Amino acid sequence: MRMGLATALLLCPLACSVPAAAQSKVNIEQNFADSLTALPKEELAVAGGFYVPAYSSVAMSQGKLRVDFSVTLSVHNASETQPLVVKRIAYFDTAGKQVESYLKAPVALKPLATVSIFIPTDDVRGGTGANFLVDWAAASEIAEPAVEALMVGGVANADYAFISQGRPTRTAGKN
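Rules of the game
- Residues numbered from 1 in each chain as written.
- Predicted model: local features only at pLDDT ≥ 70, side-chain atom pairs only at ≥ 80, totals over all residues.
- Heavy atoms only, no water.
- Core = buried A, V, L, I, M, F, W, Y, C linked by side-chain atoms within 4.5 Å.
- Buried < 20%, exposed > 50% of the residue type's maximum accessible area, 1.4 Å probe, protein only.
- Helix = DSSP H or I, 4+ residues; strand = E, 2+ residues; numbered from the N terminus.
- Contact = heavy atoms within 4.5 Å.
- Patch = residues over 30% accessible without salt bridge, like charges linked within 9 Å, V, L, I, M, F, W, Y side chains within 5 Å.
- Areas by Shrake-Rupley, 256 points an atom, 1.4 Å probe, with all protein chains shown as cover.
- Salt bridge = Lys/Arg side-chain N within 4 Å of Asp/Glu carboxyl O.
- Polar contact = N/O pair within 3.5 Å; in protein donor to acceptor, adjacent residues only side chain to side chain.
- pLDDT = per-residue confidence, 0-100.
- Phe/Tyr/Trp six-rings, centres within 6.5 Å; stacked < 30°, edge-to-face > 60°.

**Digging into the nonpolar core**
Next up, step 1: Membership of the largest hydrophobic core comes to 33 residues, with the highest contact counts inside it found for Leu73, Val75, Val86, Ile89 and Phe132.
Next up, step 2: Of all elements in the fold, only β2 (46-53), β4 (65-76), β5 (84-92), β7 (107-109), β8 (114-119), β9 (131-138) and β10 (146-155) reach the threshold of two or more residues within this core.
Next up, step 3: With five residues, the single largest contributor to this core is β4.
Next up, step 4: Beyond its immediate sequence surroundings of up to four residues, Leu73 is in contact with Val52, Ile89, Val115, Ser116, Ile117, Phe132, Val134, Val147, Glu148 and Ala149.

Structure below.
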């Protein structure tokens, strides 16, 4: 009887926990309302984009084991004075197929504010070569935003966490 009660008490938090769900494109404006501001009325004269590698799954043990990771993409406005307009946040799988688009319309981040996208561990649609494209703009010169993905997961009693920094998307080649 005591063993059964002890086991039930240990398993109760697992039974009561709610699995995390991927953010829907509808919730980004609601979840980060405090980070957002009105879109600038001026023309958006400066624009850029980021490619952010992400790994919802990683092969381990010589390819015999797959470890799944949750992914948190964060877009940080690095400007202390100007809003940053985020025009697109799109998630792609290993084959380059778009899996999800997280914005219905552009949003403006307050100075030094952040928005994040969360993809739970059990959402493996991205696969081993998942990635995000983030497009941004501003009314005038602005500090380039910081965009990165944090992956967290584990297998057995080992936990792993690592960050993938976004890379500005620029045309490579001769000028």
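**Digging into a nonpolar patch on the surface**
Next up, step 1: The grouping of Leu150, Val152 and Ile163 at the surface amounts to a nonpolar patch, some 240 Å² of accessible area in total.
Next up, step 2: Position of Leu150 among the secondary structure elements: in strand β10.
Next up, step 3: Here Leu150 falls in the partly exposed class, since its relative accessible area comes to 36%.

**Some remarks on the side chain of Asn77**
Next up, step 1: Counting through the fold element by element, Asn77 comes out in the loop between β4 and β5.
Next up, step 2: Take Asn77: its relative accessible area is 3%, and that puts it in the buried class.
Next up, step 3: Of the polar contacts made by the side chain of Asn77, one reaches the backbone oxygen of Leu109; its length is 3.3 Å.
Next up, step 4: Contact partners of Asn77, with chain neighbours within four places excluded, come to Gln82, Pro83, Leu84, Leu109, Lys110, Pro111, Leu112, Ala113 and Ile142.

**As for unusual backbone geometry**
Next up, step 1: Unlike most non-glycine residues, Leu112 shows phi in positive territory, near 65°.
Next up, step 2: By the element assignment, Leu112 lies in the loop between β7 and β8.
Next up, step 3: What makes Leu112 exposed here is its relative accessible area of 54%.
Next up, step 4: Located in the positive-phi region is Ala156, a residue other than glycine, with phi close to 55°.
Next up, step 5: Tracing the chain through its elements places Ala156 in the loop between β10 and β11 (158-165).
Next up, step 6: The exposure class of Ala156 is exposed, given its relative accessible area of 83%.

**Observations concerning the confidence of the model for the chain**
One rule of thumb: low pLDDT means the predicted coordinates there are not for detailed reading.
Next up, step 1: Looking at the chain as a whole, the pLDDT averages 85, with 82% of positions reaching at least 70.
Next up, step 2: When the elements of the chain are averaged for pLDDT, helix α1 (residues 2-16) gives the smallest value, 41, and β7 the largest, 98.
Next up, step 3: Predicted confidence is poor over residues 1-26, with pLDDT under 50, and the contacts of this stretch with residues over four places away or in other chains come to 18 contacts.

**What to know about the packing of aromatic side chains**
Next up, step 1: Within this structure, the stated rule accounts for three aromatic pairs.
Next up, step 2: Ring centres of Tyr55 and Phe162 lie 6.0 Å apart, and the angle between their planes is 50°; this geometry places the pair in the tilted category. Of this pair, Tyr55 sits in the loop between β2 and β3 (57-60) while Phe162 is found in strand β11, placing the two residues 107 residues apart along the sequence.
Next up, step 3: Overall, the relative accessible area of 29% leaves Phe162 in the partly exposed class.
Next up, step 4: On the basis of an interplanar angle of 80° and a centroid distance of 5.3 Å, the ring pair of Phe69 and Phe162 is categorised as edge-to-face. One end of the pair, Phe69, is in strand β4; the other, Phe162, is in strand β11, and 93 residues separate them in sequence.
Next up, step 5: Its relative accessible area of 2% is what places Phe69 among the buried residues.
Next up, step 6: Following the ring pairs from residue to residue traces out a cluster consisting of Tyr55, Phe69 and Phe162.

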